[in-house]
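# What the coordinates show
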Amino acid sequence: MSNNLKSNVLSVLAVGSCLGLLGGCGGGGNGSGVGTPTPTPAPNTSFDATYQARVTPSDPIPGDGQAPTTTLTVLNGIATTQFTFFLQPSVVTQVQAAIDAGLTSAGFASAISANQAPANIPFSTTGRVDDNGRVVFTSTRDVSVCGPATLTLDTTLPSASGATSQGNYNISFRNNLTIRVSGRDVAVEGTCNNLPLRSGTVEFTR
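Note that the coordinates shown come from a computational prediction; the quantities given were computed from them, not determined experimentally.

### Some remarks on the state of the cysteines
- Using the criterion set out here, one finds one disulfide in the structure.
- Between the sulfur atoms of C146 and its disulfide mate C192 the distance is 2.1 Å. With the S-S dihedral at roughly -75°, the linkage between C146 and C192 falls on the left-handed side. Pair noted here: C146 is in the loop between β6 (134-143) and β7 (147-156) and C192 is in the loop between β10 (184-188) and β11 (199-205), with a separation of 46 residues, a long-range link.
- Of the residues examined, C146 reaches a relative accessible area of 1% and is grouped as buried.
- Given the relative accessible area of 0%, C192 is considered buried.

Rendered as structure tokens:
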């Protein structure tokens, strides 16, 4: 990929930095997940149940933002979670406009469809619950523009009905952005590791 393309893409992302996101990151595609092996089921355990969850980010939630959501069920000692991270709509709209304009001006308008900012990033994974009720989930999604996004959710579940426990979540990105042009990935300067709401606590009630 030419240096000219890379410099043009960098100028696109620089526009996004004016929105408060280093390197112009504010989106990516829902992309594909990097699967983790499914644990072998065990007999019914004292933690088998469907849990109610409440996610509380460490950062203040922007006016048009939304806290992540998650679900968690345990069957035969195997926990399954669906976790959704939401990107701030106003920032996504502005960053997408900057990407579209930059790719168009660089002569790569056809690449716009491969560099779309999503409304959210969904994660789905399983993990074995140990004898103390602890389970650690890890799930990676390949997100366009931002690159791979990895969720780590570490919690201990309550065994008594009506009881509550608390865990922690964190979403991390690699230290460069990725623009996809003509079927090839171009690594560019910047990171999505400064997006808000990427970490916090999760409260699970049985």
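### Examining the nonpolar core
- Counting 43 residues, the largest nonpolar core has Y51, F85, F123, L157, Y169, I171 and F173 as the members making the most contacts within it.
- In terms of residue count, helix α2 (residues 89-105) provides more of this core than any other element does, five residues in total.
- When sequence neighbours within four positions are dropped, the list of residues in contact with F173 reads I121, C146, G147, P148, A149, C192, N193, L195 and R198.

### Side note on the packing of aromatic side chains
- In the structure shown here, the tally under the stated rule is one aromatic pair.
- With centroids separated by 5.2 Å and ring planes inclined at 45°, the aromatic side chains of F83 and Y169 adopt a geometry described as tilted. Of this pair, F83 sits in strand β4 (residues 78-86) while Y169 is found in strand β8 (residues 164-173), placing the two residues 86 residues apart along the sequence. Across the pair, Y169 and F83 agree in class, each one buried.

### Quick look at unusual backbone geometry
- Phi is positive for N76, close to 55°, though the residue is something other than glycine.
- Positive phi, close to 70°, is recorded for L197, a residue that is not glycine.
- Structurally, L197 can be placed in the loop between β10 and β11.

### What to know about the pairing of β11
- Across six bridges, strand β2 (residues 49-57) lies against β11 in antiparallel orientation. In the sheet register, A53 faces β11, and the bridge partner there is F204.

### Brief notes about the pairing of β6
- As judged from the ten bridges shared by β6 and β7, these two strands associate in the antiparallel manner. The residue bridging V136 from the neighbouring strand is D154, located in β7.
- Linking β6 back to β7 in an antiparallel pair, the connection comprises three residues, with V145 at a positive phi of about 70°.

### Description of the pattern of salt bridges
- Scanning the entire structure with this criterion turns up three salt bridges.
- For E203, the salt bridge goes to R54, with nearest N and O atoms at 3.5 Å. Taken together, the positions of E203 in strand β11 and R54 in strand β2 put the pair 149 residues apart, joining distant regions of the chain.
- Here R134 makes a salt bridge to D154, at a shortest N to O gap of 2.6 Å. Here R134, found in strand β6, pairs with D154, found in strand β7; they are 20 residues apart in sequence, far enough to count as distant.
- By relative accessible area, D154 is classed as partly exposed at 25%.

### Here we look at α2
- Between the first and last C-alpha of α2 there are 24 Å, a value that for 17 residues agrees with the 24 Å anticipated at 1.5 Å per step.
- Buried within α2 are the following residues: V91, V92, V95, Q96, A98, I99, G102 and L103. Within α2, the buried residues cover an arc of 160° as seen down the axis, which keeps them to one side. Facing away from the buried side of α2 by more than 90 degrees, the exposed set consists of T93 and S105.
- Positive backbone phi, approximately 85°, marks G107, located one or two places after α2.

Cut-off values and rules
Residues numbered from 1 in each chain as written. Predicted model: local features only at pLDDT ≥ 70, side-chain atom pairs only at ≥ 80, totals over all residues. Heavy atoms only, no water. Disulfide = S-S within 2.5 Å. Helix = DSSP H or I, 4+ residues; strand = E, 2+ residues; numbered from the N terminus. Buried < 20%, exposed > 50% of the residue type's maximum accessible area, 1.4 Å probe, protein only. Core = buried A, V, L, I, M, F, W, Y, C linked by side-chain atoms within 4.5 Å. Contact = heavy atoms within 4.5 Å. Phe/Tyr/Trp six-rings, centres within 6.5 Å; stacked < 30°, edge-to-face > 60°. Pairing = 2+ DSSP bridges. Salt bridge = Lys/Arg side-chain N within 4 Å of Asp/Glu carboxyl O. Expected span 1.5 Å × (residues − 1). Arc of directions from axis to C-beta.

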